[in-house]
Amino acid sequence: MAGPRAGTAVVTGGGNGLGAAIARRLAERGLAVVVADVDEAAATRTAARIGGRAVRLDVADAAACRALVAELDDLVAWVNNAGILHTGPAWATGDEQRRRLVDVNVHGVMNGTLAALPQLRARGAGHVVNVVSLAGLHPAPGETVYGATKHAALGFSVATHLDLLARGERGVHVSALCPDGIWTPMLFERTADPDAWPSWSGVMLDPDRVAAAAVDLLDRPRPLRAVPRWRGAMLRAAATTPRLVGRVLPTMIRVARSRQRTWGRRHGGRS
Ligand SMILES: NC(=O)c1ccc[n+]([C@@H]2O[C@H](COP(=O)([O-])OP(=O)(O)OC[C@H]3O[C@@H](n4cnc5c(N)ncnc54)[C@H](O)[C@@H]3O)[C@@H](O)[C@H]2O)c1
C-alpha cells in the first residue's frame with residue numbers, strides 16, 4: 001500500500017535524535033512537518049533545517065496535543081516519538097522521576113494518539129506511529145521504570161490498533177516501532193552509566209536507519225515492527241522465560257558493559 005505523500009505530519013520530540021531524523025525523512029517524502037518538542041530551541045533548529053514548522057509541545061499535556069490537532073485540517077500522520085530515560089532499579093528512581101517517565105512515555109503516547117485519532121477516523125485514513133523500544137518487549141533491569149513505561153505504551157498501541165480493526169476501521173493505522181539501542185543524545189551521557197547496560201545488550205543503531213523503518217510504516221503499516229527484526233523475535237522468546245534469563249543475567253551484563261565501555265572509548269561520549 002502506498003502511504004501519504006501530501007498533508008501534515010506531526011513528530012513529537014522532533015527536535016533531537018530519532019525524532020529529528022524521522023522529521024527529515026517525512027519532509028523528504030513531501031509532507032508538511034510539524035516539529036513538536038518541549039525543547040523549543042531544538043524544534044526550531046530542526047524545523048529550519050527541513051523546512052518544517054516548530055511548535056513547543058509537552059506531550060504530557062493532553063489539552064495541548066488536542067489544541068495542536070485543532071490547528072490542522074490535513075493531518076495524515078502523528079508520530080509519538082518523545083520519550084525520556086532514567087536509569088537504575090525502581091527503588092532508586094525517585095517519585096518525581098517515576099511520575100515524569102510515566103507522564104511522557106505513557107501518557108504522552110496516549111495523549112498524542114487520542115488527539116490525532118478523531119480527525120483521522122473522521123476521514124477514514126491516516127497513521128499513528130508510536131516509537132516504543134525493545135524495552136517494551138522484554139523487561140529492562142537497570143532501566144526498569146523506563147522499560148515498564150514502554151510495556152504500557154506497546155500494550156496501548158497494539159490494543160488501539162485492534163480496537164480499530166474490531167470496528168472495521170481499516171483505513172486508520174496504529175503502528176508500534178520497537179528499536180534496539182540508538183546512538184542519540186539520550187545515550188550520549190550514558191556510556192559510563194553501569195545501569196544503562198541494556199542499551200548496549202544488542203546492536204547500537206544509527207538514528208537514520210530507525211527513521212527509515214518508522215517512515216516505512218506509512219507504506220507498510222504493522223501493529224509491531226522491531227528493529228532489527230531478529231532482536232525482537234529473540235527478546236519476545238526470552239520474555240517468556242524470566243527464570244532462564246535470571247540464570248544468564250551476570251553474563252549478559254558483563255558482555256553488555258564491555259561493549260558499552262568500548263563504545264564510550266570510540267565515541268568519546270558523543271556522536
Ligand atoms: N536512544 C535509544 O537507545 C532508544 C532506543 C529505543 C527507543 N528509543 C525511543 O526513541 C524515542 C526518541 O528518543 P531519542 O533517542 O531520540 O531521545 P533524545 O533524548 O535524543 O530525543 C528525545 C526528544 O524528545 C523531546 N522530549 C522529551 N520530553 C518531551 C515532552 N514531554 N514533550 C515533547 N518532547 C519531549 C526532547 O526534548 C528531545 O528532543 C523515545 O521515545 C525513546 O524512548 C530510544
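Residues numbered from 1 in each chain as written. Predicted model: local features only at pLDDT ≥ 70, side-chain atom pairs only at ≥ 80, totals over all residues.

Under the annotation held in an unreviewed UniProt entry, the chain carries the name SDR family NAD(P)-dependent oxidoreductase and is attributed to Patulibacter brassicae. Comment text from UniProt for the chain, heading Sequence similarities (unreviewed entry), reads "Belongs to the short-chain dehydrogenases/reductases (SDR) family." (UniProt positions renumbered as here; feature names shortened; annotations may be inferred.)

K.L.:
In this structure, what is going on with the sheet that holds strand β3 (residues 53–56)? I would like to understand it.
P.N.:
Taken in spatial order, the seven strands make up an open sheet running β3-β2-β1-β4-β5-β6-β7, and their pairing is parallel. The sheet is open, and its two borders are formed by β3 and β7 (224–227), each paired with just one other strand. Averaged over all adjacent pairs, the angle separating strand axes in this sheet is 20°, with direction ignored. Examined bridge by bridge, strand β1 (residues 8–12) and strand β2 (residues 32–37) share five bridges and lie parallel to one another. Looking across to β2, one finds that Val11 is bridged to Val35. The sheet strands contacting helix α1 (residues 17–28) are β1, β2, β4 (75–80) and β5 (126–131), and the helix crosses β1 at an angle near 170°. (Pairing = 2+ DSSP bridges. Helix = DSSP H or I, 4+ residues; strand = E, 2+ residues; numbered from the N terminus. Axes fitted to C-alpha atoms, helices over the stretch in contact; angles between N-to-C directions. Contact = placed C-beta atoms within 7 Å.)

K.L.:
Looking at this structure, how should I read the nonpolar core?
P.N.:
Side chains of nonpolar character tend, in soluble globular proteins, to be buried together. Core analysis: the biggest nonpolar cluster contains 68 residues, and Val11, Ile22, Val79 and Ala214 have the highest contact counts within it. With sequence-adjacent residues up to four places away left out, Ala214 is seen in contact with Ile22, Val79, Val129, Val131 and Leu177. (Core = buried A, V, L, I, M, F, W, Y, C linked by C-beta atoms within 7 Å. Buried ≥ 20, exposed ≤ 12 C-beta atoms within 10 Å, placed from the backbone.)

K.L.:
Before we go on, may I ask you to explain the site of the ligand in this structure?
P.N.:
The full set close to the ligand counts 31 residues, and Gly13, Gly17, Gly83, Thr184 and Met186 are the nearest of them. Broken down by secondary-structure element, the contributors of at least two residues to the shell around the ligand are α1, α4 (95–123) and α6 (185–188). Here the residues of the shell around the ligand are counted per class, giving 15 nonpolar, 13 polar and three charged. (Near = placed C-beta within 6 Å. Nonpolar A, V, L, I, M, F, W, Y, C, P; charged D, E, K, R; others polar.)

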